[in-house]
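Chains, contacts and geometry: an overview
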Amino acid sequence: MNAVLAVKQYVAKMIEDSGPGMKVLLMDRETTGVVSMVYTQSEILQKEVYLFERIDSFNREPMKHLKAICFLRPTKENVEYLIQELRRPKYSIYFIYFSNVISKSDIKSLAEADEQEVVAEVQEFYGDYIAVNPHVFSLNLLGCCQGRNWDPAQLARTTQGLTALLLSLKKCPMIRYQLSSEPAKRLAECVKQVITKEYELFDFRRTEVPPLLLILDRSDDAITPLLNQWTYQAMVHELLGINNNRIDLSRVPGISKDLREVVLSAENDEFYANNMYLNFAEIGSNIKNLMEDFQKRKPKEQQKLESIADMKAFVENYPQFKKMSGTVSKHVTVVGELSRLVAERNLLEVSEVEQELACQNDHSSALQNVRRLLQNPKVTELDAARLVMLYALHYERHSSNSLPGLLTDLRNRGVSDKYRKLVSAVVEYGGKRVRGSDLFSPKDAVAITKQFLKGLKGVENVYTQHQPLLQETLDQLIKGKLKDSQFPYLGPNTLRDRPQDIIVFIIGGATYEEALAVYNLNRTNPGVRIVLGGTTIHNTKSFLEEVTAAGFRGRSTESSQAPPRPSSRR
């Protein structure tokens with residue numbers, strides 16, 4: 001189960017099927033992102049694709065010597081663009097691939113438009129999602145729900161993305177969903193409808209244990225997307241933002257022109273692949289080793305080139321040298337910027353208190369530490385608000401809850417009204433009334449003993465003691481102990497055996513901390529393969545946008561006694 005490989009194979013097959021000769025790749029806004037995640041431009045150039053065009057750009061030149069490979073989402077707009085294209089073809093022959101199921105009526109319209117008979121083939125290749133890592137995919141959708149109900153357009157797009165993933169991995173799963181979430185049940189039903197309607201497409205070879213699709217809701221764990229991160233990939237997304245593997249470094253002080261935007265992709269960056277799940281401290285020493293290795297190779301390159309053999313060796317090694325030089329300068333810049341932000345924003349101290357709020361149950365110590373940090377001028381507005389949000393979620397019903405005082409502290413230090421309102425919005429989005437699971441206190445005697453022993457041993461790393469709720473949910477699922485009463489099956493059938501192939505999807509977005517948890521579960525449970533997906537991949541900023549987009553506006557602190565909004569929960 002490898003999402004990156006699945007999309008890669010689709011793209012390779014499209015190019016291969018069009019035969020030898022020069023080609024143009026014609027895409028739309030979304031499929032451009034899909035392809036760029038799994039192939040670099042230079043890799044595609046080697047396959048005789050010399051031009052990349054968007055179907056919606058109207059000033060494309062006619063180039064009758066090129067074959068066109070069209071990779072498009074099956075939307076009304078794209079079908080309309082294709083009809084226009086086929087009436088006045090700009091290329092010699094067209095190979096059309098839709099990223100999802102296309103209706104018979106649309107095929108008919110295209111056939112009628114193809115008067116010059118330039119279409120060689122029309123196929124469905126289900127690369128209708130963003131493959132982030134082999135075990136992680138996203139749909140890049142922000143704001144999928146209105147209140148506690150799906151936005152209909154986003155539900156349709158999510159159903160398409162999720163069914164495409166299943167088709168590309170050749171899985172026809174049994175479905176379980178989070179009972180406390182209406183959107184989870186709704187999505188489960190929509191996916192099931194597609195599987196029933198397109199039963200021929202889902203007719204894969206039966207495995208002994210059927211695959212399982214588990215649908216969860218972000219509102220069950222609003223803590224994870226609010227925490228600062230300390231592993232490389234998660235930290236880069238939290239502090240700099242990753243958008244389709246691209247990182248915008250244009251705001252970095254004194255940045256050189258060629259490093260304003262860099263690409264971090266585990267597919268073609270060995271250093272990133274080896275370090276993306278490591279802690280920040282380890283990255284620092286690994287960067288040092290990378291630099292030293294680079295320095296060792298450097299003087300050799302500058303030796304006198306006296307013989308033809310010397311020159312030949314130099315030319316042969318130069319591409320690797322150049323690539324290595326690019327990798328070194330990129331990671332040194334990224335890690336340097338992360339270090340600068342950690343120091344500037346006092347993040348070690350902030351993160352320690354965040355972890356205490358997420359993992360410990362000592363109210364008076366937590367309150368004291370939050371108050372202390374709110375007085376610290378180095379702590380940014382976002383970090384100050386984030387601490388108060390974590391406090392509000394954890395101690396929502398505590399007898400000594402001091403939230404009004406903390407909100408006053410925020411106002412006194414000049415934190416904007418937007419962030420102060422977001423504190424109550426986050427509680428409305430993911431507070432105790434909403435959650436189907438118990439996020440803070442251990443459930444049973446075993447868990448309590450575990451936590452007690454952990455407390456005795458001391459934590460290996462105070463900055464990474466938090467485990468996302470997903471870790472526990474999947475752990476229970478793998479052991480066959482996940483309660484049907486909280487995560488029912490859709491339909492009458494249930495799994496008798498422990499699941500082996502698991503696709504878990506989080507409505508409202510997943511996080512890189514959860515991706516790390518899944519990576520570790522895959523590593524430590526032989527025979528179990530888990531793929532994690534979400535409507536998007538969040539950092540704190542995008543998560544707060546998600547909460548706002550869902551219509552949880554929060555109340556301003558001055559009128560904190562306003563009556564609570566009615567909730568549409570069953």
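Residues numbered from 1 in each chain as written. Predicted model: local features only at pLDDT ≥ 70, side-chain atom pairs only at ≥ 80, totals over all residues. Heavy atoms only, no water.

Before going further, it helps to spend a moment on the packing of aromatic side chains. As enumerated under the stated definition, the model contains 13 aromatic pairs in all. Relative to Phe125, the ring of Tyr10 lies with its centre 5.2 Å away and its plane at 25 degrees, an arrangement referred to as stacked. Residue Tyr10 is located in helix α1 (residues 3–17), and its partner Phe125 is located in the loop between β5 (119–124) and β6 (130–133); the two are separated by 115 residues in the primary sequence. Like Tyr10, the residue Phe125 is buried in the burial classification. With centroids separated by 6.0 Å and ring planes inclined at 55 degrees, the aromatic side chains of Tyr91 and Tyr94 adopt a geometry described as tilted. Both residues of the pair, Tyr91 and Tyr94, count as buried. (Phe/Tyr/Trp six-rings, centres within 6.5 Å; stacked < 30°, edge-to-face > 60°. Helix = DSSP H or I, 4+ residues; strand = E, 2+ residues; numbered from the N terminus. Buried < 20%, exposed > 50% of the residue type's maximum accessible area, 1.4 Å probe, protein only.)

The end-to-end C-alpha separation of helix α19 (residues 512–524) is 18 Å, in line with the 18 Å expected for 13 residues at 1.5 Å each. Taken as a whole, α19 has its buried residues at Tyr512, Glu513, Glu514, Ala515, Leu516, Ala517, Val518 and Leu521. (Expected span 1.5 Å × (residues − 1).)

Taken in spatial order, the three strands make up an open sheet running β12-β13-β14, and their pairing is antiparallel. The open sheet is flanked by β12 (242–243) and β14 (261–263), the only strands paired with a single partner. Here three bridges tie strand β13 (residues 246–248) to β14, and the two strands are oriented antiparallel to one another. Bridge pairing in β14 links Asp248 to Glu261. (Pairing = 2+ DSSP bridges.)

Turning our attention to the nonpolar core. Within the largest apolar cluster, 163 residues are counted, with the highest numbers of intra-cluster contacts made by Tyr129, Ile215 and Leu474. Examining the composition of this core, we find that ten residues originate from one element, helix α14 (residues 381–394), more than from any other. Excluding anything up to four places from it in sequence, Leu474 contacts Leu214, Ile502, Val504, Val518, Leu521 and Ile530. With 19 residues, the next largest nonpolar core counts Ala68, Leu82, Ile83 and Phe98 among its residues. (Core = buried A, V, L, I, M, F, W, Y, C linked by side-chain atoms within 4.5 Å. Contact = heavy atoms within 4.5 Å.)

Our focus in this paragraph is the pairing of strand β4 (residues 93–98). A large share of β4 lies buried, amounting to five of its six residues. Summarising the sheet, strand β3 (residues 67–72) and β4 pair through six bridges and their orientation is parallel. In the strand pairing of β4, Cys70 is matched with Ile96. Where the polypeptide runs from β3 across helix α4 (residues 76–87) and back to β4, its parallel neighbour, the crossover connection is right-handed. Strand direction decides the pairing type here: β4 and β5, joined by five bridges, are parallel. Note that in β5 the partner of Phe98 across the bridge is Glu124. The parallel pair β4 and β5 is bridged by helix α5 (residues 104–113), and the resulting crossover is right-handed. (Right-handed = clockwise from strand over helix to strand, strands pointing away.)

Quick look at the pairing of strand β1 (residues 23–27) now. Among the five residues of β1, five are classified as buried, and the element is accordingly described as predominantly covered. Side-chain alternation along β1 places Lys23, Leu25 and Met27 on one buried face and Val24 and Leu26 on a second face that is also buried. Pairing of β1 with strand β2 (residues 49–54) involves five bridges; the strand directions are parallel. Looking at the pairing, Lys23 lines up with Val49 of β2.

With that settled, consider the side chain of Lys23. Secondary-structure assignment places Lys23 in strand β1. Polar side-chain contacts of Lys23 include one of 3.0 Å to the backbone oxygen of Gly19. (Polar contact = N/O pair within 3.5 Å; in protein donor to acceptor, adjacent residues only side chain to side chain.)

What follows concerns the packing of α4 against α5. At a minimum axis separation of 8 Å, α4 and α5 run at an interaxial angle of 20 degrees. One element, α4, and the other, α5, form an angle in the roughly parallel class. Here α4 and α5 pass one another in a crossing that is right-handed. Here α4 contributes Val79, Leu82, Ile83, Leu86 and Arg87 to the contact with α5, which in turn contributes Asp106, Ser109, Leu110 and Ala113. Partitioned by chemical class, the residues of the contact of α4 with α5 number six nonpolar, one polar and two charged. (Axes fitted to C-alpha atoms, helices over the stretch in contact; angles between N-to-C directions. Parallel < 35°, antiparallel > 145°, perpendicular 65-115°, else oblique. Left-handed = near helix turned anticlockwise from the far one by under 90°. Nonpolar A, V, L, I, M, F, W, Y, C, P; charged D, E, K, R; others polar.)

What the rule picks out here adds up to 29 salt bridges. In this structure, Glu238 engages Arg386 in a salt bridge whose closest nitrogen and oxygen atoms are separated by 3.4 Å. Of this pair, Glu238 sits in helix α8 (residues 232–239) while Arg386 sits in helix α14, and the two are 148 residues apart along the sequence. The exposure class of Arg386 is buried, given its relative accessible area of 1%. Across the salt bridge formed by Arg340 and Glu337, the nearest N and O atoms sit 2.9 Å from each other. Taken together, the residues span about one helical turn, with Arg340 and Glu337 both in helix α11 (residues 308–344) at a distance of three residues. Look at Glu337 and you get buried, because its relative accessible area is 6%. Among the charged side chains, a salt-bridge network with shared partners connects Glu238, Arg345, Glu354, Asp383 and Arg386. (Salt bridge = Lys/Arg side-chain N within 4 Å of Asp/Glu carboxyl O.)

When pLDDT is averaged along the protein chain, the result is 87, and 89% of the positions lie at 70 or above. Taken as a whole, residues 453–459 scores under 50 in pLDDT and shows two contacts with residues more than four places along the chain or in a different chain. Every residue in residues 557–570 is under pLDDT 50, and counting partners more than four places away or in other chains gives 20 contacts. (pLDDT = per-residue confidence, 0-100.)

The residue Leu25 is located in strand β1 in this model. In this structure Leu25 comes out as buried when scored by relative accessible area, which is 2%. With eleven residues separating them in the primary sequence, Leu25 and Met14 have C-alpha atoms 9.8 Å apart.

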